[in-house]
Amino acid sequence: MVTTNSEAAPEKRLTRKPRVVVTRRLGPAVEDRMAELFDVRTNATDMPLTREQLIEAMQDCDVLVPTVTDRIDAEMIDQAGDNLRLIANFGAGTEHIDLDAAAARKIMVTNTPGVFTDDTADLTMAGIIGVPRRVREGVQLIRSGEWTGWAPTSMLGSKLGGKTLGIIGMGRIGQAVAHRARAFGLEIAYHNRKRLPVAIERMVGATYVESIDELVAQADILTLHCPYSAENHHMIDARRLALMKEGASLINTARGDLVDQEALIAALESGHLAGAGLDVYPEEPEVDERLIRHRNVMTLPHIGSATREGREESGMKVIANIRMWADGHRPPDQVLSGLG
């Protein structure tokens, strides 16, 4: 049974400013507003906190504001101070937080859903367009000084119109990608845990495919937009990569561990895949040198959500969640736990 950890909400409004620890820099507008409203401590270095530093922070605050770089497991939550009652995550993904452990300690968790939908979809389109058209290779050719000029057979890529874009995960971002891709003449096929209503399928022009295996076999370009969990660790493995069409492309702006990186590199180096567009990696900030060297792999530094507007809006959502919680109300973006 799915329950909420709503019992973690304050029984009454706090009579003092909540003590808030923010693990990364969130920008002047957000930090200035937090300083006005809360007793806040920020991370001046902007370097990811160590495990020990996170535990120390959790022992001395009412509210922790982590990001995707902060892994907060059950053991850490068990060591949190009695005053910690809210983890107000900056970002939509919460797989880095043990939600069940938080619920067991009556610690509420909130996130900032919907803020980065368009930003991530826009960046995904850069890969969907850029990999088939060999943009990374073309940039390198110019920068190396080796370009000898236009020729009829030079730098031939693949056109987008009429090709099949396979989308795994048809939530907000997947639908936004489908909407954009239709303008480029792509045929949209998708797989989701639950099929979308027919009205939405018609709106985005998407066809449901029952299995991931069937979808990857159909796709000329495969793009991932599902959250990470133990269940879908290495969802795209050597077997599924082998099912993909010769010369297909893979785009991943979701989570690095959705893809078996060694299997992906093997598929790229063998030529089975034409290329890949990657914004996420298994061991960030480490990026495998073989991916960096490959002539048609676009390697980006996890910038899917990196717009000034989006980051500021996410920070303001964090503030709204904290204020609602501190006033004794349920925040608008409370995350469900799996405890029952």
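Residues numbered from 1 in each chain as written. Predicted model: local features only at pLDDT ≥ 70, side-chain atom pairs only at ≥ 80, totals over all residues. Heavy atoms only, no water.

The protein carries the name D-glycerate dehydrogenase in an unreviewed UniProt entry, which gives Qipengyuania polymorpha as its organism.

(A) Up close: the sheet that holds strand β13 (residues 297-299). The sheet built from 7 strands is open, its strands ordered β9-β8-β7-β10-β11-β12-β13 with parallel pairing. Taken across any chain shown, the strands that pair with only one partner, and hence form the sheet edges, are β9 (206-208) and β13. Put simply, the sheet's adjacent strands are angled 20 degrees from each other on average, direction ignored. Sheet topology places strand β12 (residues 273-278) next to β13; 3 bridges connect them, and they run parallel. What sits directly across from Ala276, in β13, is Val297. Its contacts with the sheet put helix α11 (residues 261-270) on β11 (248-252), β12 and β13, and the angle it makes with β12 is roughly 135 degrees. (Pairing = 2+ DSSP bridges. Helix = DSSP H or I, 4+ residues; strand = E, 2+ residues; numbered from the N terminus. Axes fitted to C-alpha atoms, helices over the stretch in contact; angles between N-to-C directions. Contact = heavy atoms within 4.5 Å.)

(B) Structural view of the nonpolar core. Core analysis: the biggest nonpolar cluster contains 30 residues, and Ile168, Leu222, Leu224, Ile236, Leu241, Leu264 and Leu273 have the highest contact counts within it. At the level of elements, α9 (212-218), β10 (221-224), β11, α11 and β12 are the ones that each hand at least two residues to this core. Among the elements that make up this core, the one with the highest residue count is α11 (5 residues). Setting aside chain neighbours within four positions, we find Leu241 in contact with Ile236, Ala263, Leu264, Ala267, His272 and Leu273. Formed by 22 residues, the second largest nonpolar core is a distinct cluster that contains Ala121, Ile128, Val131 and Ala176. (Core = buried A, V, L, I, M, F, W, Y, C linked by side-chain atoms within 4.5 Å. Buried < 20%, exposed > 50% of the residue type's maximum accessible area, 1.4 Å probe, protein only.)

(C) Inspection of the sheet that holds strand β2 (residues 19-22) at higher detail. Taken together, the 5 strands give an open sheet; going across it, the order is β3-β2-β4-β5-β6, and neighbouring strands pair in parallel fashion. For this open sheet the edge positions go to β3 (39-41) and β6 (108-110), each flanked by a neighbour on one side alone. Geometrically, the sheet is characterised by an average inter-axis angle of 20 degrees between neighbouring strands, direction not taken into account. Pairing of strand β4 (residues 63-65) with strand β5 (residues 86-88), which is carried by 2 bridges, proceeds in the parallel orientation. From the neighbouring strand, Val63 faces β5, where its bridge partner is Leu86.

(D) Summary view of the packing of helix α1 (residues 28-37) against helix α13 (residues 308-326). One can describe the packing of α1 onto α13 by two numbers: an axis separation of 9 Å at closest approach and a directional angle of 15 degrees. Our classification of the angle between α1 and α13 gives roughly parallel. In this structure, the crossing between α1 and α13 has a hand that is right-handed. Along its contact with α1, which presents Ala29, Val30, Arg33, Met34 and Leu37, the element α13 presents Glu312, Gly315, Met316, Val318, Ile319 and Arg323. Its residues placed into classes, the contact of α1 with α13 shows 7 nonpolar, 1 polar and 3 charged. (Parallel < 35°, antiparallel > 145°, perpendicular 65-115°, else oblique. Left-handed = near helix turned anticlockwise from the far one by under 90°. Nonpolar A, V, L, I, M, F, W, Y, C, P; charged D, E, K, R; others polar.)

(E) Seen up close, the UniProt feature "domain: D-isomer specific 2-hydroxyacid dehydrogenase NAD-binding" (unreviewed entry) in the protein. The sites that UniProt annotates as "domain: D-isomer specific 2-hydroxyacid dehydrogenase NAD-binding" (unreviewed entry) are residues 127-304. The span residues 127-304 carries 34% helix and 17% strand; its end-to-end C-alpha distance comes to 11 Å. (UniProt positions renumbered as here; feature names shortened; annotations may be inferred.)

(F) Quick look at the packing of helix α5 (residues 117-130) against helix α7 (residues 172-182). Relative to each other, α5 and α7 sit at 50 degrees, their axes nearing to 9 Å. Taken together, the axes of α5 and α7 are oblique relative to one another. In this structure, α5 meets α7 at a crossing whose hand is right-handed. Mapping the contact onto sequence places Thr117, Asp118, Thr120, Ala121, Asp122, Thr124, Met125 and Ile128 in α5 and Arg172, Ile173, Ala176, Val177, Arg180 and Ala181 in α7.

(G) The environment of Glu246, seen in detail. Structurally, Glu246 can be placed in the loop between α10 (238-243) and β11. Distance from Glu246 to Ala217, taken between C-alpha atoms, is 9.9 Å for residues 29 residues apart in sequence. Dropping the residues within four chain positions of it, Glu246 is found in contact with Gly271 and His272. Among the polar contacts made by the side chain of Glu246, one reaches the side chain of His272 at a distance of 3.1 Å. (Polar contact = N/O pair within 3.5 Å; in protein donor to acceptor, adjacent residues only side chain to side chain.)

(H) Spotlight on the pattern of salt bridges. For the structure shown, the criterion picks out 19 salt bridges. A salt bridge links Asp46 to Arg24, with the nearest nitrogen and oxygen atoms 3.3 Å apart. Of this pair, Asp46 sits in the loop between β3 and α2 (51-58) while Arg24 is found in the loop between β2 and α1, placing the two residues 22 residues apart along the sequence. Where salt bridges share partners, they join Arg16, Arg19 and Asp62 into one cluster. (Salt bridge = Lys/Arg side-chain N within 4 Å of Asp/Glu carboxyl O.)

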